[in-house]
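# Topology and contacts: notes
Here's the letter readout for the chains.
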Amino acid sequence: MTILAEQTVMPPTGADAVATLRELVELLETSQNVVLADDENGTRHALPDSVRDVLRKSLAAMIDHQAVTIAASSTVLTTQDAAELLGISRPTLVHLLETEKIPYTKPNRHRRILLEDVLTYQRMLAETRRRGLDAMVAEAAEDDSYRSVNGFTATR
């Protein structure tokens, strides 16, 4: 994936800084319109919901003592970029494209895939896996082939 910029921010260590982050998360969760800044003409600029959500999630991670890395990337991917994002080989990705599992364009000799389409496929794959696991758990429960031990499921 083509990275345009990347920055990792370490979580704050002081109690005051963490308290400030908590206040900001609360503000981002409860306010419908968060004003980023007023310009010299007095125009108010509200954060779009998507940006507000990214900020909220980033701050919440930092409150949980996690570093946050923000990286900008292109919204149009090469086959290699898309394959890396999905964690599969490029030939496997090309097969997905050719069988119309993921849409793509071919403006010249090279295929181009929208990041949004790759992420949609990734979510669909995760949902399919989750449903499969749920079905296996339900079948195991019917067969009484597992039991719960200290909140964890163990096979017999």
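Keep in mind the model is a prediction, meaning the values are calculated, not measured.

### Section: the overall build of the protein chain
For the protein chain, the count of helices and strands is 5 helices and 8 strands. When the helices and strands of the protein chain are read in sequence order from the N terminus, they spell out β-α-β-β-α-β-β-α-α-β-α-β-β. Per-residue burial over the protein chain gives 21% buried out of 156 residues. A fraction of 53% describes how many contacts in the protein chain between residues 6 or more apart in sequence connect residues 24 or more apart. Just so you have it, the protein chain exposes about 11,500 Å², and 53% of that area is on carbon and sulfur atoms.

### Quick notes on the layout of surface pockets
Taken as a whole, the largest pocket spans an internal volume of roughly 190 Å³. Every residue along the wall of the largest pocket is listed here: Asp53, Val54, Lys57, Ile70, Ala71 and Ala72. Of all the elements in the fold, those that place two or more residues in the lining of the largest pocket are helix H2 (49-63) and strand E4 (68-73). Of the residues contributing to the lining of the largest pocket, the split by class is 4 nonpolar, no polar and 2 charged.

### What to know about helix H1 (residues 15-30)
Here H1 spans 23 Å end to end across 16 residues, near enough to the 22 Å set by a 1.5 Å rise per residue. Buried positions along H1 lie against H2.

### What to know about helix H4 (residues 90-98)
Buried within H4 we find Leu93, Val94, Leu96 and Leu97. Within H4, the buried residues cover an arc of 155 degrees as seen down the axis, which keeps them to one side. Turned more than 90 degrees from where H4 packs its buried face, Pro91 and His95 sit exposed. Residues of H4 that are buried make contact with helix H3 (79-86), strand E6 (113-114) and helix H5 (115-143). Immediately downstream of H4, the backbone of Glu100 shows phi near 60 degrees, a positive value.

### Overview of the pattern of salt bridges
Throughout the structure, instances matching the rule amount to 7 salt bridges. Where Arg111 meets Glu98, a salt bridge forms, and the shortest distance between an N and an O atom there is 2.8 Å. Taken together, the positions of Arg111 in the loop between H4 and E6 and Glu98 in helix H4 put the pair 13 residues apart, joining distant regions of the chain. On the basis of relative accessible area, Arg111 is assigned to the buried category, the value being 18%.

### Section: the packing of H3 against H4
Running from N to C, H3 and H4 point in directions that differ by 100 degrees, and their axes come no closer than 9 Å. Taken together, H3 and H4 sit at an angle that is classed as roughly perpendicular. Between H3, through Thr79, Gln80, Ala82, Ala83 and Leu86, and H4, the contact on the second element is made entirely by Arg90, Leu93, Val94 and Leu97. Here the residues of the contact of H3 with H4 sort into 6 nonpolar, 2 polar and 1 charged.

Reading the values: the criteria
- Residues numbered from 1 in each chain as written.
- Predicted model: local features only at pLDDT ≥ 70, side-chain atom pairs only at ≥ 80, totals over all residues.
- Heavy atoms only, no water.
- Helix = DSSP H or I, 4+ residues; strand = E, 2+ residues; numbered from the N terminus.
- Buried < 20%, exposed > 50% of the residue type's maximum accessible area, 1.4 Å probe, protein only.
- Contact = heavy atoms within 4.5 Å.
- Areas by Shrake-Rupley, 256 points an atom, 1.4 Å probe, with all protein chains shown as cover.
- 1 Å grid on protein atoms, 1.4 Å probe; cavity = no way out; pocket = protein on both sides within 12 Å on 5 of 7 lines; lining within 4 Å.
- Points joined across faces, edges and corners; volume = space filled by probe spheres on them.
- Nonpolar A, V, L, I, M, F, W, Y, C, P; charged D, E, K, R; others polar.
- Expected span 1.5 Å × (residues − 1).
- Arc of directions from axis to C-beta.
- Salt bridge = Lys/Arg side-chain N within 4 Å of Asp/Glu carboxyl O.
- Axes fitted to C-alpha atoms, helices over the stretch in contact; angles between N-to-C directions.
- Parallel < 35°, antiparallel > 145°, perpendicular 65-115°, else oblique.

Any functional reading would require information beyond the geometric quantities listed.
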